[in-house]
Every structure is written in structure tokens, then in C-alpha cells.
Amino acid sequence: MQTRKTRENSAHNPLSRPKISIYIAASIDGFIARQDGGLDWLDRVGGFDEDYGFQNLMNSIDALIIGRKTYEVASTVPDPYPGKRVIVLSNSLHSVKEGMELYCGDLAVLVTKLHKEGIQHIWVDGGTTISQFLSSQMIDAMTLSIIPVILGSGIPLFNVIGKEIPCRLASSQSYPSGLVQLRYEIITQFDDSIDKIYFKIIEYGSPLYKKSVALREELLRKPFGLFFTPEELEQEKEHVHIAGFLGEELCATAVLVPENNELKMQRVAVKGHFQNMGIGTSLLLFSEQYARDHGYKAIYCHARDTAIPFYKKNRYALEGVPFDENGIAHHKMKKSIEGSV
Ligand SMILES: NC(=O)c1ccc[n+]([C@@H]2O[C@H](COP(=O)([O-])OP(=O)(O)OC[C@H]3O[C@@H](n4cnc5c(N)ncnc54)[C@H](OP(=O)(O)O)[C@@H]3O)[C@@H](O)[C@H]2O)c1
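Residues numbered from 1 in each chain as written. Predicted model: local features only at pLDDT ≥ 70, side-chain atom pairs only at ≥ 80, totals over all residues. Heavy atoms only, no water.

Novice: Looking at this structure, how should I read the overall build of the protein chain?
Specialist: Helix and strand counts for the protein chain stand at 9 helices and 18 strands. The C-alpha radius of gyration of the protein chain comes to 25 Å, more than 25% above the 20 Å expected for a compact globule of 341 residues. Oriented by its inertia axes, the alpha-carbon framework of the protein chain measures out at about 75 × 45 × 40 Å. The proportion of buried residues among the 341 residues of the protein chain is 45%. Sequence separation of 24 or more characterises 66% of the internal contacts of the protein chain that already satisfy a separation of 6 or more. Total accessible area on the protein chain is roughly 18,100 Å²; 53% of this is exposed by carbon and sulfur atoms. (Helix = DSSP H or I, 4+ residues; strand = E, 2+ residues; numbered from the N terminus. Rg over C-alpha atoms; globule rule 2.2 N^0.38 Å. Buried < 20%, exposed > 50% of the residue type's maximum accessible area, 1.4 Å probe, protein only. Contact = heavy atoms within 4.5 Å. Areas by Shrake-Rupley, 256 points an atom, 1.4 Å probe, with all protein chains shown as cover.)

Below, the structure written as C-alpha cells:
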């Protein structure tokens, strides 16, 4: 049976570097070659009059960056990547095939150089190589073709990347050969409508409340050797607790403290790999909507120096002079809710 599930997604964001894609085949257990480099197992999905999008990829790229080990296999073919610029990464080689280029050094520098030279879309290939690009957060799209076999051992698709990278499924397709192709976009900015990030009010003392206390303690207190005291948490009985989720994963939390006709927003925390991806702004919007719905006239917070640009971007204005809170300089930042949307 052949199934196809596709979601046409946002166009590629304009970048200050070329778009960089992964297109690679792997066994079900995540190997891209046998331990000795053997690729014979890929043949079982050949002969089905299907190129699995390879020609489309070739038409869309203008350069490849490949690891030395991938180069050693590819260079056994006369013209493996016709018409494409090929850069081989190696610290050990002194030369590569005519028409190809050799590079060793900083990958960001290489990408910037290629960008200046007019390159717009790069395919990176080789397990070690793609892992380095992922680690440097320089991958935009990833096409994985899963071959129906468990190899048991081999060269891994991914090495340890050392960070969590949120991905968005763009399409999935199965073929009569049994190959399943998964296309992912790397998320650089969450989109609430596509990624199903949602916010809700959680009950004081509930299991979700306890999770949110743990999240903000981890982010806001532990780095300073501090914890929330039972007295502080007791006071929170009277406060409004907001939590943000991706699926069921808690990714952000904030506390709103009613003060006459204003709300003080405090203890805003966004989980590590969700930071700088638009979730903080969505959390503010949810809080402001809560304030509006409940008749408050303004919402304010005490922001650290580093957070000032974020609040300014969200139209919070500085009020008064900086003051000290737990030995750290803070600034009052406020936004009027009346009339704003
Ligand atoms: N299933 C598939 O679709 C697929 C696709 C591609 C490759 N493959 C197979 O996968 C195997 C190769 O993968 P792999 O993970 O072992 O290796 P790879 O990524 O192809 O090559 C690793 C080598 O690239 C060089 N390298 C990587 N990053 C570098 C940097 N920043 N600066 C300088 N040199 C750098 C180093 O070469 P030096 O040691 O010379 O310094 C390193 O040992 C091959 O058997 C290939 O046929 C399979």
C-alpha cells in the first residue's frame, strides 16, 4: 500500500547563508552503511522505477559538502554529482579529484564563503558531516529515507549532537518498495497554529503546577543556588498560573499576580530548547488576553537587563529607575491593556 501525507509549509525563511539540506537513506535501526562501508542493502529498494526525489534534490542544489569517507565511495564513480560544485571535508587528504575542492576548518566560515560566492542551496552528506552541521544549527531541511531492514550494526546516521533540535514533519510517504520517506523542517521559530503550542491556566497545587514549579526552579533559581521556599509557594495560592505545552510537554510557564487593576507577570520561564523560538511572545500574548478578558488595565513585570529587548519588542515600556532584586538589577516594564489588541 502506498500512502502519502503532505503538508505544504511556510516557504523557506530568507537566511544570511545558503539553505542547507540533508538527504540520506538509513536502515530502520539508524545506520547509513555497514561497518565496512557496504551499501549493498540499499539495492533492495532499487528497480521500482522510482528515484525517491533524488533528481528533484539535484535540480534544487548548487553545491554539496561531503565528508572524506563519503567522498571515497562517491569518487569511485566517474562523475557522481554532474554539474555541481563539490567540497570535500578532510584533515587527512592533500588533494581530491579534479573539479572538486578540499576544505578543512570552520564550517560556518566555509558556508559564509559559499554564500558570498552565490551558492543558494547546499546538500551535506556523510554521517559525521551532517551531525556537525546539525550541532552547529546549520541545517534547514532533512529528508530521511528509511529502508526496510535492520542492519544490526554499521556506521550511524547521527553521532552525538549534544543538543535537542525541534523538527516539524513536512511530509511522509511510503513507496511500494517498502521505503518510507520522511521530510522534516528544522524549527527555528515555532508557529502556534502548525506546531500546536498552546497555553492554559493550571490549578495551584495540581500535578501540572508542580511540574511548572520544577521548570522555573531549574531555570530561574538553581543557577543562583536558590530554591522556592514553602512560604513563597504558599503565597502563590492567590495567583494565576499559566503553562505552555507542545503536545503534552511543558515548555513554558508564568505566574500572574493580581494587584488592583493591574497584573504583575512574574516567574516567566521557557525551557532551554524552546527559547528564542517565539514561545515567550506567545506566552505574553496569552497573558495579555487573560488581563483583557478579566478587566485589568495594564500588565507589568520586573525584567533583568538581558530581557529588556524582548519586552520592548513586545511593546512593554520602561518605567522608573533600575532596582535591585536578589542582588540582580531589574527594571519595571509595563504595557497598557486598555484598547490594545
Ligand atoms: N546511506 C546513505 O544515504 C549514505 C549517504 C552518505 C554516505 N554514506 C556512507 O556513510 C559512510 C561515511 O559516513 P561517515 O559518518 O563515516 O563519514 P563522513 O561524514 O562521510 O566523513 C567523515 C570524515 O570527513 C572529514 N570531516 C568531517 N568534518 C570535517 C571538518 N569539519 N573538517 C575537516 N574534515 C572533516 C573527516 O575526514 P578525515 O578523517 O580525512 O579528517 C572525517 O573523518 C560511507 O560508507 C558512505 O558510503 C551513506
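Having seen the model, we can carry on.
Novice: So what exactly am I meant to see when it comes to the nonpolar core here?
Specialist: Inside soluble globular proteins, nonpolar side chains tend to come together where they are buried. L256, M265, I279 and Y311 are the most contacted members of the largest nonpolar core, which has 29 residues in total. For this core, the elements supplying multiple residues, two or more each, are β12 (197-202), β13 (240-246), β14 (249-259), β15 (262-270), α8 (279-293), β16 (298-304) and α9 (308-313). The biggest single contributor to this core is α8, with 5 residues. What L256 contacts, discounting residues up to four positions off in sequence, is H239, V240, I242, L263, K264, M265, S287, Y290 and I299. Formed by 27 residues, the second largest nonpolar core is a distinct cluster that contains I32, Y103, L114 and I139. (Core = buried A, V, L, I, M, F, W, Y, C linked by side-chain atoms within 4.5 Å.)

Novice: Where do I start with the confidence of the model for the protein chain in this structure?
Specialist: In low-pLDDT segments, the atomic positions of the prediction should not be examined closely. Looking at the protein chain as a whole, the pLDDT averages 92, with 95% of positions reaching at least 70. With pLDDT under 50 throughout, residues 1-13 is counted as low confidence; its partners more than four residues away or in other chains account for 26 contacts. (pLDDT = per-residue confidence, 0-100.)

Novice: Would you mind going over the site of the ligand with me for this structure?
Specialist: Taken together, 24 residues lie around the ligand, and T70, S90, S92, T128 and Q132 are the ones closest in. Here R68 contributes a side-chain N or O atom positioned 2.8 Å from an oxygen atom of the ligand. Within the contact set of the ligand, an oxygen atom lies 3.5 Å away from a backbone nitrogen or oxygen of L89. Isolated, the ligand exposes 930 Å² of accessible area, and the fraction of that covered by the protein chains is 87%. The cavity that encloses the ligand is the largest pocket. Looking at the shell around the ligand, the elements that each hand over two or more residues are β2 (19-27), β3 (31-33), α2 (68-74) and α4 (127-135). The residue inventory of the shell around the ligand, partitioned by class, reads 9 nonpolar, 12 polar and 3 charged. (Near = heavy atom within 4 Å. Polar contact = N/O pair within 3.5 Å; in protein donor to acceptor, adjacent residues only side chain to side chain. 1 Å grid on protein atoms, 1.4 Å probe; cavity = no way out; pocket = protein on both sides within 12 Å on 5 of 7 lines; lining within 4 Å. Sits in = over half its atoms within 2 Å of the grid points. Nonpolar A, V, L, I, M, F, W, Y, C, P; charged D, E, K, R; others polar.)

Novice: It is not clear to me how the sheet that holds strand β17 (residues 317-325) should be interpreted in this structure. Could you clarify?
Specialist: With respect to topology, 7 strands assemble into an open sheet ordered β12-β13-β14-β15-β16-β18-β17, the strand pairing being mixed. The sheet terminates laterally at β12 and β17, the two strands that pair on one side only. Taken pair by pair, the neighbouring strands of this sheet meet at an average axis angle of 25°, ignoring direction. The pairing of β14 with β15 spans 7 bridges and is antiparallel. Across the sheet, A252 pairs through a bridge with V270, a residue of β15. Sitting on the sheet, α8 touches β12, β13, β14, β15, β16 and β18 (328-336), and the angle it makes with β12 is about 45°. (Pairing = 2+ DSSP bridges. Axes fitted to C-alpha atoms, helices over the stretch in contact; angles between N-to-C directions.)

Novice: I'm lost on the side chain of N314 in this one. Help?
Specialist: As for its placement among the helices and strands, N314 is situated in the loop between α9 and β17. Non-local contacts of N314, meaning those with residues more than four positions away in its chain, are made with T281, L284 and K335.

Novice: So what exactly am I meant to see when it comes to unusual backbone geometry here?
Specialist: Even without a glycine there, the phi angle at Y52 is positive, about 55°. With respect to the helices, strands and loops of the structure, Y52 is situated in the loop between β3 and α1 (54-60). Although it is not a glycine, Q137 sits at a positive phi angle of roughly 55°. The residue Q137 is located in the loop between α4 and β8 (141-147) in this model.

Novice: Help me out: how do you make sense of helix α6 (residues 207-221) in this one?
Specialist: The α-helix winds at 3.6 residues per turn, so residues separated by three or four positions along the chain end up facing the same way. For α6, spanning 15 residues, the distance from its first C-alpha to its last is 20 Å, which sits close to the expected 21 Å at 1.5 Å a residue. Buried within α6 we find Y209, S212, V213, L215, R216, E217, L220 and R221. Each element contacted by the buried residues of α6 is listed here: β12, α7 (230-235), β13, β14, β15 and β16. (Expected span 1.5 Å × (residues − 1).)

Novice: Looking at this structure, how should I read the environment of I165?
Specialist: Within the element layout of this structure, I165 appears in the loop between β9 (155-156) and β10 (167-174). Remark: the alpha-carbon pair of I165 and L134, spanning 31 residues in sequence, is separated by 8.2 Å. Beyond its immediate sequence surroundings of up to four residues, I165 is in contact with L134 and I186.

Novice: Before we go on, may I ask you to explain the packing of aromatic side chains in this structure?
Specialist: The relative placement of two aromatic rings is captured by the distance of their centres and the angle of their planes. Within this structure, the stated rule accounts for 11 aromatic pairs. Ring geometry for Y81 against W123: centres 6.0 Å apart, planes inclined by 90°, an arrangement best described as edge-to-face. Of this pair, Y81 sits in the loop between α2 and β5 (85-89) while W123 sits in strand β7 (residues 121-125), and the two are 42 residues apart along the sequence. Side by side, Y81 and W123 carry an identical accessibility label, which is buried. Look at Y198 and F245: their rings are 5.4 Å apart centre to centre, the planes differ by 25°, and that puts the pair in the stacked class. Of the two residues, Y198 sits in strand β12 while F245 sits in strand β13, which places them 47 residues apart along the sequence. For F245, a relative accessible area of 3% translates into the label buried. An aromatic cluster is defined as three or more aromatic residues linked by ring pairs; in this entry it consists of Y23, F54, Y81 and W123. (Phe/Tyr/Trp six-rings, centres within 6.5 Å; stacked < 30°, edge-to-face > 60°.)

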